[in-house]
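One-letter residues, chain by chain:
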Amino acid sequence: MIYKRSSALFNEAKKYIPGGVNSPVRAFNAVGGEPIFVKEAKGAYLYDEDGNKIIDYIASWGPLILGHAYDPVINAVIEKAKKGTSFGMPTEIETDLAKLAVSMVPNIDKIRFVNSGTEACMSAVRLARGFTSKDKIIKFSGCYHGHSDSFLIQAGSGAITFGSPNSPGVTQGTAKDTLLANYNDLESVKTLIKANKGEIAAIIIEPVAGNMGCIIPAKEFIEGLRKLCTQESILLIFDEVMTGFRLGRGGAQEALGIDADIVTFGKVIGGGLPVGAFAARSEIMDFLAPVGPVYQAGTLSGNPLAMSAGLAMLTELNNNPEIFTSLADKTEYLHKGISKALVNKGITHQINRFGSMISVHFTDEPVVDFASSAKGNNGMFKKYFHGMLGMGVYLPPSAFESYFLNDALSYEDLDNTIAALDKIEL
């Protein structure tokens, strides 16, 4: 494929935008080369500025679960935009979406809309600290909860040491209140709790991780987290920015059979527009201003365009739950096809899959956490990524990202994807 215009646009963008992109993963730093620039999209396909048609496996990193430019969502946004894009005042549609979301998700009574997943997770942690009157949180190495200071922390030298900032601009003072545990390692969590007895407000986790590839929680691990949090009066926060309304009507809580205390959302809940949310039972949510002491605000929160897109999307998913089965079936079909193609090539690999999330890892060890994910052959991944892109298949440009399937993908698209893998050299 030819990307002449994309290359020119990228060079122009770098003059005015840091790195030429507004989110780092788009820059292709992890895989080399230059990003492609998208002109438009429909259904399962991207159309770039050079006129190439590309099968899409990121779906805008998750929200476009029914495909690009899905007519009910687009029509809802168009009609709402005709009446005004934002008022900074309450609108009925905010309550409509809130009511629907609460009805679909187990264990939540109230929800607050924000403008991004980062904002949702940041606000959820602030709420947890305010509700518990405790300062520290535990997060897991490899889980990404947005770019708020509290979350940009890398592991220290031992399980009970404080983390340290992994981005300039994040202070040591912030870092000292964030403790790092290992995903799927309950003992690492117990060690931190023991060393910080009575000081931990919350444990935040991607219940099915998507930022070190798709990582599935072991049953005893996720059940053990819930038990520990209950025993120690720690709030369990599920970051469902990726998994919410994707793994089922009720998200990961429903899929895993685990109740969280606070849940964050993004992606699907906005139908492709920028939006986030956090939700919990009433006694926790009522700690938020204006009824409680924990302050959180946003001028564009709950804006009519995002609410209309989210309402249209969630209405479709709520009325047609068979979509989740369809997506899981397609993901399983892709899994089997990719695995067969790689086996035929003699390529060592692991594939992780949960619902409509899947990732391919070029390693001979099971991938269960960030450390095992990081052992993958990155050189092989680069060949795989660029080989597939050359065949018209867009995969996440990082070995540490999950694929997100959309239901507009046909089995012919899946077969073409598998056939493309058969043809490339690795």
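This one's a predicted model, so the numbers in the text were calculated from it and none came from an experiment.

Counting through the fold element by element, aspartate 261 comes out in the loop between helix H8 (251-256) and strand S11 (262-265). Residue classification places aspartate 261 among the buried positions, given a relative accessible area of 8%. Within the local environment of aspartate 261, its side chain forms a polar contact with the side chain of arginine 281, the two groups lying 3.1 Å apart. Residues within four places of aspartate 261 in sequence aside, it is in contact with Arg226, Ile234, Leu235, Leu236, Ala279, Ala280, Arg281 and Ile284.

Next up on the list: the packing of helix H2 (residues 71-81) against helix H10 (residues 304-319). Relative to each other, H2 and H10 sit at 150°, their axes nearing to 8 Å. With respect to each other, H2 and H10 are oriented roughly antiparallel. Here the hand of the crossing between H2 and H10 comes out right-handed. For the pair formed by H2 and H10, the contact residues are Pro72, Val73, Ala76, Val77, Lys80 and Ala81 on the first element and Pro304, Leu305, Ser308, Ala309, Ala312, Met313 and Glu316 on the second. Of the residues belonging to the contact of H2 with H10, the class tally is 10 nonpolar, 1 polar and 2 charged.

Turning next to the sheet that holds strand S10 (residues 235-240). Strand order across the open sheet formed by 7 strands is S4-S12-S11-S10-S9-S5-S8, with mixed pairing between neighbours. Each end of this open sheet is capped by a strand with a single partner; those strands are strand S4 (110-114) and strand S8 (178-181). Looking at each pair of strands side by side, their axes are set apart by 20° on average, direction ignored. With 4 bridges joining them, S10 and S11 adopt parallel strand pairing. Looking at S11, one finds that aspartate 239 is bridged to threonine 264. Contacts from helix H7 (residues 219-232) reach strand S5 (136-140), strand S9 (200-205) and S10 within the one sheet, and its direction differs from that of S9 by about 160°.

About the criteria used
- Every chain is numbered on its own, with residues counted from 1 as its sequence reads.
- The model is predicted, so local features are restricted to residues of pLDDT at least 70 and side-chain atom pairs to those at 80 or more, both for listing and for counting; the totals for chains, interfaces and linings are taken over all residues.
- Side-chain measures were taken over the full set of non-hydrogen atoms in the model, leaving aside hydrogen atoms and water.
- Strands here are runs of E lasting at least two residues and helices are runs of H or I lasting at least four, both read from the DSSP assignment and numbered beginning at the N terminus.
- Categorising residues by exposure relies on relative accessible area from a 1.4 Å probe, with only protein chains included: less than 20% of the type maximum marks a residue as buried, more than 50% marks it as exposed, and the intermediate range marks it as partly exposed.
- N or O atoms within 3.5 Å of each other form a polar contact, as long as, within protein, one can give a hydrogen and the other can take it, and as long as residues adjacent in sequence are counted only when both atoms are side-chain atoms.
- Residue contacts are counted whenever heavy atoms from the two residues lie within 4.5 Å of one another.
- Fitted lines through C-alpha atoms give the axes, limited to the stretch in contact for helices. The angle between two N-to-C directions lies from 0 to 180 degrees.
- Note on angle classes: values under 35 degrees are labelled roughly parallel, values over 145 roughly antiparallel, values of 65 to 115 roughly perpendicular, and the remainder oblique.
- In a left-handed crossing the near helix is turned counterclockwise from the far helix by less than a right angle, and in a right-handed crossing that turn is clockwise.
- Residues were grouped as follows: Ala, Val, Leu, Ile, Met, Phe, Trp, Tyr, Cys and Pro as nonpolar; Asp, Glu, Lys and Arg as charged; and all remaining residues, including Gly, as polar.
- Only strands joined by at least two bridges in the DSSP assignment are considered to pair.

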